Amino acid sequence: MHPPRNLARLRRVGLMMGTALALLTAPQDSRAANPQPYSVAIAPTADDTLNKALTDASSLVSLRESAPVGPFPLLARARGDVERLQKVLHGLGYYAAQVDVSIAGRPLDDPTLLTTLDDTTGTVAVKIAVTPGPLFHLRHIDLTGDVPSDPQAKRELEAKLGLEPGAPAVASEVLAAGARVLTALRDSGHALAKVDSPIATLDPAAKVLDVSFAVHAGPQVDLGPISVSGLARLNESYLRRRMNLHAGERYSPAVIARARGDLAATGLFTTIRVEPASKLDASGRLPVAVVVKERKLRTVNLGASFSTDEGGSLNAGWTHRNLFGNAEKLTISGAVTQLGGSANRQPGYNLGATLVLPDWHRRDQSLTFNILALREYLDAYDRTGLLGGAVLARKLDPHLTASVGLTGMVEEVSQEGMRDTYRLAQVPLKLVYDSTTSVLDPTSGSRASVSLTPTFSLGNGTSSTFLISQASGSTYLDFNTKGRSVLALRALVGAVQGAGVFGIPPDQRFYAGGSSTIRGFRYQSLGGRFASGRPIGGDAIDVGSVEFRQRIGTSWGAAAFLDAGQINGDGVPFSGGLKVGAGAGVRYYTSIGPVRVDVAVPLTREKKADAFVLYIGLGQAF
């Protein structure tokens, strides 16, 4: 915003003359090189917001301890503060404000001040007195230049300013108004629009400010040719399909930003620039240049976790993120699991491969193939199995995804000395909603999923056909702290229809206890038990969790939580004995996500229950 034309000139001239006079009268033996200790006090005004703004802007305050200066630089710092504080006052609408600074009881324009400071050996007092004067208000607000000729369109553009006559003449609001008009013009296709800095005219007698904005809208334009450069292995046809940006469509910053976001979401690039040209081509359209740099094709990931119930886990994965040139992702992973832990009897393992075909036959639709071999030795059962299948998922909107799959498994499961072989086919149907912004550390938004999994027995074993129904959700409430104080809530409910507990393979039953359900209880330990004391599992479950998370400083945080739930064998959730666990933990925040260390204890006792359970992992518990 241009400053008012008829204010503060005399004040600047006075400051310049005072500085020149101080230079001319300074004695040759001035001790300008020796630090001059000083105290500083800004007399408070009636406005707390103004007081804070003045204090924050004062270099006399901010540099007093960190940058000591001698007498002459102290005078220069004080004179600089006069101008800085006046800018703050003008910016908040006080255009008739007065700032007076004195050092050692003398005004800055006192020609003997420098000599006085040279003769002073102790701390001098710097006092700043501010007289805000009247608050100025806006009067006339105009758009000039190349504006829509239609009166209604012009009024709509003026409304985008967000300024009202009679409002306080706050500089930041006036500047933001110009930016809003520019955004509105570009959103409506005026790609080359410009809005000049506002011109402000002060009327001191009326205590008002008139503001005008010179607008250069230019024509509404369509996108021209879209060039692509920087590709190494990725097929250009896939990039164009994923980007979804086309020549001939109306220019829109939102469309450009969405195209860039769609490319970033693939994880294929280290650099992405989608840049409209600065001028139109010969046909009056706006060319766009897409410049990318591909990431390395292959990555290796290593991970580990530990809890006193499930024991330790070491995992590794190898990923090729562009197998055939259309962003196909192949991941081969393996893990050694159940390394110790009170809920295990000996270590297990798993080894698997996953192939994802993104944008399969249409944008935002993926086809995923997976295969997994595993061996588990759990307190509830032992299992050796081979699982494989495919999942077709479609993104219905930015937050909602639907999927259908087909999974086959052959597994041998031992429980209580009985060993059975199961051959099962499943058709999982799932709907997932996710509006959170982080997988490992969500601070706002919600997650929810509903799944139905018809399961068919293909012979052998004691299982029958049954349906697994499950719904879960979590939400994250930020107390206007930008993610530093968050209340996280989680719920889970599930049931199996079509078979009793012993008609369901042990690994397909519900279990409770552990970090994903009720912390403080050993993994899979809750519910009915065999005579041996080992868990049976159930065909119905309900769980709820409340967790408060607090960031402390830059890298640390703390959490406190309460989990409660039930598991039973009658197929009806919200029945059976309620179990409750509680705990607390610390977080160390890294660039990847928070490292979590939690300790939980059972509040309702179980036979042979652990006194506490320790959990260590990457990312929040949910």
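Residues numbered from 1 in each chain as written. Predicted model: local features only at pLDDT ≥ 70, side-chain atom pairs only at ≥ 80, totals over all residues. Heavy atoms only, no water.

With respect to the overall build of the protein chain
Piece 1. Across its full length, the protein chain carries nine helices and 28 strands.
Piece 2. A compact globule built from 622 residues should have a C-alpha radius of gyration of about 25 Å, whereas the protein chain, at 35 Å, is more than 25% larger.
Piece 3. In terms of principal-axis extent, the alpha carbons of the protein chain reach across some 105 × 70 × 45 Å.
Piece 4. Residues counted as buried form 42% of the 622 residues belonging to the protein chain.
Piece 5. Here the contacts in the protein chain between residues at least 6 apart in sequence split such that 60% fall between residues at least 24 apart.
Piece 6. Counting every atom, the protein chain has about 30,300 Å² of accessible surface; 59% of that belongs to carbon and sulfur. (Helix = DSSP H or I, 4+ residues; strand = E, 2+ residues; numbered from the N terminus. Rg over C-alpha atoms; globule rule 2.2 N^0.38 Å. Buried < 20%, exposed > 50% of the residue type's maximum accessible area, 1.4 Å probe, protein only. Contact = heavy atoms within 4.5 Å. Areas by Shrake-Rupley, 256 points an atom, 1.4 Å probe, with all protein chains shown as cover.)

A look at the packing of aromatic side chains
Piece 1. What the rule picks out here adds up to six aromatic pairs.
Piece 2. Where Tyr95 meets Phe136, the ring centres are 5.7 Å apart and the plane angle is 75°; that geometry is what we call edge-to-face. With Tyr95 in the loop between α4 (71-91) and β2 (98-103) and Phe136 in the loop between β4 (124-131) and β5 (137-146), this pair connects stretches of sequence that are 41 residues apart. Of the two residues, Tyr95 and Phe136, neither departs from the other in class, the shared state being buried. (Phe/Tyr/Trp six-rings, centres within 6.5 Å; stacked < 30°, edge-to-face > 60°.)

Brief notes about the sheet that holds strand β10 (residues 269-276)
Piece 1. Strand order in the open sheet made by the three strands is β9-β11-β10, with mixed pairing throughout. Each edge of the open sheet is held by one strand with a lone partner, namely β9 (223-229) and β10. When strand polarity is set aside, the average angle formed by the axes of neighbouring strands in this sheet is 15°.
Piece 2. By the bridge criterion, seven bridges tie β10 to strand β11 (residues 286-294) in an arrangement that is antiparallel. By the bridge assignment, Glu275 is partnered in β11 with Ala289. (Pairing = 2+ DSSP bridges. Axes fitted to C-alpha atoms, helices over the stretch in contact; angles between N-to-C directions.)

Concerning the sheet that holds strand β1 (residues 38-42)
Piece 1. If you walk across this open sheet you meet the four strands as β1-β4-β2-β3, and the pairing is mixed. Two strands lie at the open edges of the sheet, namely β1 and β3 (106-107), each paired on one side alone.
Piece 2. Note that β1 and β4 share five bridges and pair parallel. Within β4, the residue paired with Ser39 across the bridge is Ala125.
Piece 3. Contacting β1, β2 and β4, α4 crosses the sheet at an angle of about 160° to β2.

Quick look at helix α8 (residues 236-243)
Piece 1. If you check which residues of α8 are buried, you get Tyr238, Leu239, Arg242 and Met243. Along α8, the residues classed as buried sweep out an arc of 125° about the axis, all on the same side.
Piece 2. As for α8, its buried residues are in contact with β9, α9 (253-264), β10 and β11.
Piece 3. Of the residues flanking the end of α8, it is Asn244, one or two places downstream, whose phi is positive at about 55°. (Arc of directions from axis to C-beta.)

Digging into α4
Piece 1. A rise of 1.5 Å per residue sets the reference length of α4, with its 21 residues, at 30 Å; its end C-alpha atoms lie 30 Å apart and thus fit the reference within 8%.
Piece 2. Phi turns positive one or two residues past the end of α4, at Gly93, with a value near 100°. (Expected span 1.5 Å × (residues − 1).)

Quick look at the layout of surface pockets
Piece 1. Counted as a void, the second largest pocket has a volume near 950 Å³.
Piece 2. Lining of the second largest pocket is provided by 32 residues; of these, Arg242, Ala265, Asp359, Asp364 and Lys395 occupy positions nearest its centre.
Piece 3. Contributing elements (two or more residues each) for the lining of the second largest pocket: α8, α9, β16 (365-377), β17 (382-397) and β18 (400-415).
Piece 4. Along the lines of polarity and charge, the residues of the lining of the second largest pocket split into 13 nonpolar, eight polar and 11 charged. (1 Å grid on protein atoms, 1.4 Å probe; cavity = no way out; pocket = protein on both sides within 12 Å on 5 of 7 lines; lining within 4 Å. Points joined across faces, edges and corners; volume = space filled by probe spheres on them. Nonpolar A, V, L, I, M, F, W, Y, C, P; charged D, E, K, R; others polar.)

Some thoughts on a nonpolar patch on the surface
Piece 1. On the surface, Ile552, Trp556, Val586, Tyr588, Ile592, Val595 and Leu618 cluster together into a nonpolar patch covering about 670 Å² of accessible area.
Piece 2. In this fold, Ile552 is placed in strand β24 (residues 540-552). (Patch = residues over 30% accessible without salt bridge, like charges linked within 9 Å, V, L, I, M, F, W, Y side chains within 5 Å. Salt bridge = Lys/Arg side-chain N within 4 Å of Asp/Glu carboxyl O.)

With respect to the packing of α8 against α9
Piece 1. Running from N to C, α8 and α9 point in directions that differ by 125°, and their axes come no closer than 8 Å. The pairing of α8 with α9 is recorded here as oblique in orientation. Each of Leu239, Arg242 and Met243 in α8 lies in contact with α9, whose residues at this interface are Ala259, Asp262 and Leu263.
Piece 2. Class assignment of the residues belonging to the contact of α8 with α9 gives a composition of four nonpolar, no polar and two charged. (Parallel < 35°, antiparallel > 145°, perpendicular 65-115°, else oblique.)

Re the packing of helix α6 (residues 151-161) against helix α7 (residues 171-187)
Piece 1. Put simply, α6 and α7 touch, their axes get as near as 7 Å, and they point 135° apart. Judged by the inter-axis angle, α6 sits oblique to α7. Our pair here, α6 against α7, has a crossing hand that is right-handed. On the side of α6, the interface is formed by Leu157, Lys160 and Leu161, while α7 contributes Ala177, Gly178, Arg180, Val181, Ala184 and Leu185. (Left-handed = near helix turned anticlockwise from the far one by under 90°.)

Focus: the side chain of Thr266
Piece 1. Take Thr266: it is sitting in the loop between α9 and β10.
Piece 2. Residue classification places Thr266 among the buried positions, given a relative accessible area of 18%.
Piece 3. The contacts of Thr266, once residues within four sequence positions are left out, are Tyr238 and Arg242.

A look at the environment of Gln497
Piece 1. Mapped onto the elements of the fold, Gln497 is located in strand β23 (residues 485-497).
Piece 2. Residues Gln497 and Leu280, spaced 217 residues apart in sequence, show a C-alpha to C-alpha distance of 64 Å.
Piece 3. When sequence neighbours within four positions are dropped, the list of residues in contact with Gln497 reads Phe466, Leu467 and Ser469.
Piece 4. Among the polar contacts made by the side chain of Gln497, one reaches the side chain of Ser469 at a distance of 3.3 Å. (Polar contact = N/O pair within 3.5 Å; in protein donor to acceptor, adjacent residues only side chain to side chain.)

Structural notes on the pairing of strand β22 (residues 466-478)
Piece 1. Pairing between strand β21 (residues 445-457) and β22: 11 bridges, direction antiparallel. Residue pairing for β22: Ala448 is matched across the bridge by Gly473.
Piece 2. Here β22 pairs with β23 via 12 bridges, running antiparallel. Following the sheet pairing, Ser469 is matched in β23 by Ala495.
Piece 3. Here β22 folds back onto β23 in antiparallel fashion, the turn holding six residues, of which Asn480 has a positive phi close to 55°.

A short note on the pattern of salt bridges
Piece 1. Taken as a whole, this structure holds 28 salt bridges when the rule is applied.
Piece 2. Two residues, Asp110 and Arg106, come together in a salt bridge whose shortest N-O distance is 3.3 Å.
Piece 3. We classify Arg106 as partly exposed; its relative accessible area is 30%.
Piece 4. Lys579 is the salt-bridge partner of Glu606, the closest N and O atoms lying 2.6 Å from each other.

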